Structure formats: structure tokens, C-alpha cells
Amino acid sequence: MSRPPGRKQENHKISRELFVLTYGALVAQLCKDYEKDEDVNTCLDRMGYGIGVRLIDDFLAHSAVKKCRSYSETADMIAQVAFKMYLGVTPSVSCSSAAGNEFSLILDKNPLVDFVEELPAERASLCYCNVLCGVIRGALEMVHLAAEVTFLQDRLKGDAVTEIGITFLRKAEDRKHKRNK
């Protein structure tokens, strides 16, 4: 028996929606388990890191992307391919440093907050979507790119957009130099 042609995409969409729904319940439970927002943020980042470490294999197997030659290409790949593949959105990318190692992913629509109106006042320092930072960091580390990933702006906190900052921690020349030794 053969599958209908659009079946795989439909399953991917169902998985995305299920993830968004269960993610809200996960964050709510973490907020009950931890008193401090910083502890919840750390836990979400750790969980995301674990997801990213495993997700990079799936991404490389299903995306058929070529090796990125620069940090700019890497940031574009994260935005245009990975976010589209797993969350169904394509953030815009901007470089925020002359050195070319700092980038911002700007999300006009963040699917993780589809069912969230606002954060409670007592949870003002909660980074609700901090799992995304961990996923990006974990995936990048698996391809030998150390990075610091943080939320710079968040619509849930009243900002106009959701912005994730990625700072690559080593210069491209440093990586080449170490390989040649």
C-alpha cells in the first residue's frame, strides 16, 4: 500500500503543533517546580541543548545542505532552512558586528507562543522560549561551532519582535589555523 503524496508534510505539521501544545505544559510545570525564573531558563536551555545535539543529525540527513563556509552562511542556514523545517517560520537575519561573528534572528511570528497571551507579572524574567537558544547552541556545537545564544527581544515581554542573538565565539581564521596544525 502506498502513502498519499502529501502525507510526510502533514505528519511534520502535526508534530510541530503537538510540540507547541506540549511545550506550554512543560514550561508551566517547570514554573511550578522552580521558584526562580533563572532556574527555569537554565532548565529550558539545557533541554534545548539536548534536543539540538540530537536534531542536527536529522537536519543534516533531511536537508541535503552543503558545508557552510562562513558564519553568515551558517546564520542564513539556521534561519532559512532549519527554522522553516522544524517550526514553519523563516526569521530574518542581520549581522550585528563588524567582525562578522554576531547575528540576530528576528522572528515576526514565533510558533512557540501561539497559545500564550502574556507572561504573568511574577514571571517577568522568564525566557519562555529559551529552549530555542539551547537547540541552536547544541546543534552548532555538534558541527564544532561554539556559540553564545540568547534572547535579545521577546514579544511576550512587550517588544515589537522576537530576536535571538547568536555570537560565534571563535574567529573563522582560528578554526582554520587549528586544523592545519
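Note that this is a predicted model, so its numbers are computed, not measured.

## Quick word on the nonpolar core
Among the nonpolar cores identified, the biggest contains 38 residues, and Phe83, Tyr128, Ile136, Ile164 and Ile166 are the most heavily contacted of them. Of all the secondary-structure elements, those providing two or more residues to this core are α1 (7-33), α2 (37-63), α3 (71-87), β2 (102-107), α4 (130-142), β3 (147-153) and β4 (162-168). When neighbours within four sequence positions are excluded, tyrosine 128 is seen to be in contact with Tyr23, Gly24, Val27, Leu44, Leu112, Val113, Val116, Leu119 and Leu156. Listed in part, the six residues of the second largest apolar core include Phe59, Ala82, Met85 and Tyr86.

## Considering the packing of aromatic side chains
Taken as a whole and judged by the stated rule, the model has four aromatic pairs. For the pair tyrosine 71 and phenylalanine 168, a centre-to-centre distance of 4.3 Å together with 5° between the ring planes defines the contact as stacked. Taken together, the positions of tyrosine 71 in helix α3 and phenylalanine 168 in strand β4 put the pair 97 residues apart, joining distant regions of the chain. Note on tyrosine 71: relative accessible area 9%, which makes it buried. A relative accessible area of 1% means that phenylalanine 168 is categorised as buried. On the numbers, 6.1 Å between centres and 75° between planes, the contact of phenylalanine 103 with phenylalanine 168 is edge-to-face. Of this pair, phenylalanine 103 sits in strand β2 while phenylalanine 168 sits in strand β4, and the two are 65 residues apart along the sequence. A residue is classified by how much of its surface remains accessible, and phenylalanine 103, at 4% relative accessible area, is buried. Within the aromatic cluster, the residues linked to one another by ring pairs are Phe19, Tyr23 and Tyr128.

Cut-offs used in this document
- Residues numbered from 1 in each chain as written.
- Predicted model: local features only at pLDDT ≥ 70, side-chain atom pairs only at ≥ 80, totals over all residues.
- Heavy atoms only, no water.
- Core = buried A, V, L, I, M, F, W, Y, C linked by side-chain atoms within 4.5 Å.
- Buried < 20%, exposed > 50% of the residue type's maximum accessible area, 1.4 Å probe, protein only.
- Helix = DSSP H or I, 4+ residues; strand = E, 2+ residues; numbered from the N terminus.
- Contact = heavy atoms within 4.5 Å.
- Phe/Tyr/Trp six-rings, centres within 6.5 Å; stacked < 30°, edge-to-face > 60°.

So yeah, pure geometry; function would need other evidence.
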